[in-house]
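Letter by letter, the chains look like this.
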Amino acid sequence: MRDFYGVTLATPMMLGTARYPSPAVMEKAFRESGASVVTVSLRRERGAGQAFWDIVRGLGIHLLPNTAGCHSAREAITTAQMAREYFQTDWIKLEVIGHADSLQPDPFGLLEAAEVLCADGFKVFPYTTEDQVLAAKLIDAGCRVLMPWGAPIGSGMGLNNIHGLRSLRAAFPDVAMVIDAGLGLPSHAAQAMELGFDAILLNTAVAEAGDPAEMARAFALAAQAGALAAVSGPMGQRDMAVPSTPVIGKAWL
Amino acid sequence: MADVTIIGAGVAGLWAAYACLKRGLRPRIIDRAGTPGPHGCSWWAGGMLAADCEGAICEPQVITHGRNATALWQEVTRVTSRGTLVLAPSRDGVELDRFAARTCGHTGCDSAKITALEPDLGGLHRRGLFFAQEAHLNPRQALSDLTQKLLSSGILVETGTVTPDDIEGPVIDCRGMAAERDLSGLRGVRGEMVVLRSDEIVLTRPIRLLHPRHPLYVVPREGGLFMLGATQIETASRGPIRARSVLELLSTAYALDPRFAEAEVIEMGADLRPAFCDHVPRVIRRGRVLYLNGLFRHGFLMAPTLAEQAAECLLTGKTGDLIHEN
C-alpha cells in the first residue's frame, strides 16, 4: 500500500472545511465520512477564531494546510511557509492557480514552487493536472504524492479524462496519488478508487449537499467500495457475451 | 431601582430592554459606547427579514422564529413588506434550482414577472424566485427608533464598561463578541458591506444574486442608497474591509445591473458577528444572568424573538426553545 510521506491513512477520504452551513454541520460531516485528513486554507482561515480551530483540531485527524487562492509561485511559497509555522506541520497541499475562471493549476508556477518547497523540507502534495510530463518533473523535484484533478474545482463533473488519469496512475506506480477536485457524486469517488488512486479529496460536493453528513457518508462508502474493487482484481471488459453458466450439455427444449 | 440590567445596546440589548418594558419590568441599559453606532455589529447589518431565503443555509428554528420578525418589528419601526427577489447569472441557473429546492415560500419568475416586480431590472435577468412573505427595514433607523421608544419610557442608554460581575440582581448580557470569554464556543464571523448611491437605479425590495463564488445581496434604502453585502469570512480579525471583498461585491453588483458602475461609493464597513457552532442564537441561563448571544448574520431577524423569550423567562421562568441552561 502506498503511503503519504511515511503516513498510512486509515481511510482514503480527505475533506475540506469551506462552504458548510455552520461548523456544527461541518463537524458532523467529518465524523460521518471518517475522513483521515482535513485540509484547511491558510489564506482564508488563518484568522479564524479559537472556537473554529478547536473544532478542527478536535477532529483528531491529519491536518493538511493548502495554498488555495495563490496565483503565483512566490505567493504560494510564502503561504506555505506561514502555514508550516502556524499549523506546525510540514505537509502542504500546493495550489498555484493559473486561470481565474477554471481555477486550473499553473504548471510552471507549480513546479517552481514545488522545487523550492521540497528543497526547504516540505512534504508537498501538489494539486496538478493529469499531465505526465509535469508529474515526472514534480516527482524529480521531490514530491512523493501527486494530487491530479478530476475536473475543475467545485464543478462536480467527476473524472473528465479517464484515459489521462489511468495513464498517469500506470506511469508512476510507486507514487501515492489523490484525486483532488471536481468530484460531484459518490460514483465519481468509487471510479477514482477503482482506477487505483489512493485517496480522494473533496469539499463542495459534501459541504453544499442538502444533507452534508449523509453525503459525506455516501462518499466514504463509495470510496471504500472502489478501493476494495481495485485490490480484488476487476474482470476485464470483452466485446462478446460470456455466459456464466456453460451451455454445452444442457437439455435443449 | 431597575428590575433588570441589560449590558449592550446593539439590536439584541435594545430589544431585550423593550421586551422587558412591555412586560412591566423596568430595565437599565448600559453600553460601553452609549447609544448605537459604528462600534456595534448591528450598525453594519443589511436589515433583511428574510427567514425563507435564509432557510437555504440555516437550521429550522431560525426559519420558524424569523417569520415572526416582521410583525414584531412593526411595533417599533417602519418595515417594508415587498418580499425578496432572488436572481442568478444565466450560466449559474443551477444555483437557482438548488436554492429553490432548499427553500419554501417562493414562486418562480420569468423575465416578464421580474420586470413587473422590479422594472429597473427588466430585460437583464431571465429567471428568478420571488419570496413574497419577506420584508426589510433600515437597521440604523430601527436602532434609533428602539432607542427613542425606550427614551419615551424614561430609559436612557447609559455609557459604561461593565460585565455581569459588576452588577447586582438580574442581568441580560447582550455584549456580543465582548462576552466571548464567558461563552465557550462563541466565535466571530466577519461580514463586510459597501453602501452605494445611485440616482439611476430604483429597486423596491432586497435582491439576492446567487453565484457559486461571490453571492451578493442588495438592500435598497431611502435616498437612492443601496447596501451591498454577503461576504462571510471565517476569521476573528476585525479591521477595514479587504480589497478582495470590495472587488467581489462591486463586480457582482455590476453583473446585477451595469449602472452600478456609475454609483457613488458612500461607505464601506466590516465587523464580526458573534456565532455559536450551529449558527442558532441562544439565551444561556447561568444563575441570575441570561446571556443573549450568537445572532450571527440574523441580528435583525432573530433579536425580537430571542429578546421576547429572555424577557418572558425573566418574568415567569418560562423557558422557550432558544433558552439553554448553562
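Refer to the structure printed above.
Definitions and cut-offs
Residues numbered from 1 in each chain as written. Chains lettered and ligands numbered in written order. Predicted model: local features only at pLDDT ≥ 70, side-chain atom pairs only at ≥ 80, totals over all residues. Heavy atoms only, no water. Contact = heavy atoms within 4.5 Å. Buried area = accessible area lost by both parts, 1.4 Å probe. Salt bridge = Lys/Arg side-chain N within 4 Å of Asp/Glu carboxyl O. Polar contact = N/O pair within 3.5 Å; in protein donor to acceptor, adjacent residues only side chain to side chain. Helix = DSSP H or I, 4+ residues; strand = E, 2+ residues; numbered from the N terminus. Buried < 20%, exposed > 50% of the residue type's maximum accessible area, 1.4 Å probe, protein only. Pairing = 2+ DSSP bridges.

Q: Help me understand the interface of chain A and chain B in this model?
A: The figure often quoted for interface size is the accessible area lost as the parts come together. The interface is formed by 22 residues belonging to chain A together with 19 residues belonging to chain B. Interface of chain A and chain B: buried area, both sides summed, is about 1,500 Å²; carbon and sulfur atoms make up 46% of it. Considering only the side of chain A, the residues that lose the most area to chain B are A:Pro21, A:Ala51 and A:Glu208, jointly responsible for 25% of the buried surface there. Remark: the boundary between chain A and chain B carries 1 salt bridge. Measuring nitrogen to oxygen at the nearest pair gives 3.1 Å for the salt bridge that ties B:Arg98 to A:Glu208. Counting the contacts that link chain A with chain B gives 7 residue pairs in polar contact (both at pLDDT 80 or more). Counting only elements with at least two residues in the side of chain A that touches chain B, the list comes to helix 1 (23–33), helix 2 (42–45) and helix 3 (50–58) of chain A.

Q: Please explain the pairing of strand 16 (residues 289–293) of chain B as it appears in this structure.
A: Residues and elements named next belong to chain B. Across the 5 residues that make up strand 16, a large majority, 5, are buried. What you see with strand 16 is no split at all: Val289, Tyr291 and Asn293 on one side and Leu290 and Leu292 on the other are buried throughout. Sheet topology note: the strand 9 (residues 171–173)/strand 16 ladder contains 3 bridges and is parallel. Bridging across to strand 16, isoleucine 172 finds its partner in leucine 290. In sequence, strand 15 (residues 282–286) turns back onto strand 16 through a hairpin of 2 residues, with glycine 287 there showing a positive phi of about 65°.

Q: I'm lost on the pattern of salt bridges in this one. Help?
A: All names here are of chain B. Per the counting criterion, the structure on display carries 34 salt bridges over all chains. Between lysine 22 and glutamate 75 there is a salt bridge whose closest N-O contact spans 2.8 Å. Remark: glutamate 75 occurs in the loop between helix 4 (69–73) and strand 4 (84–87) and lysine 22 occurs in helix 1 (residues 11–22); sequence separation between them is 53 residues. Given a relative accessible area of 34%, glutamate 75 falls into the partly exposed group. As a salt-bridge pair, glutamate 264 and arginine 197 come within 3.1 Å of each other at their nearest N and O atoms. Taken together, the residues span a long stretch of sequence, with glutamate 264 in strand 14 (residues 264–275) and arginine 197 in strand 10 (residues 187–197) at a distance of 67 residues.

Q: What exactly am I supposed to notice about the pairing of strand 10 of chain B here?
A: On any regular strand, side chains alternate: one points to one face of the sheet, the next to the other face. Residue and element names in this part refer to chain B. In terms of burial, strand 10 is a largely internal element, 10 of the 11 residues being buried. Here 11 bridges tie strand 10 to strand 14, and the two strands are oriented antiparallel to one another. Considered in strand 14, the bridge of glutamate 192 is made with alanine 270. By the bridge criterion, 5 bridges tie strand 10 to strand 13 (residues 225–229) in an arrangement that is antiparallel. Following the sheet pairing, arginine 197 is matched in strand 13 by leucine 225.

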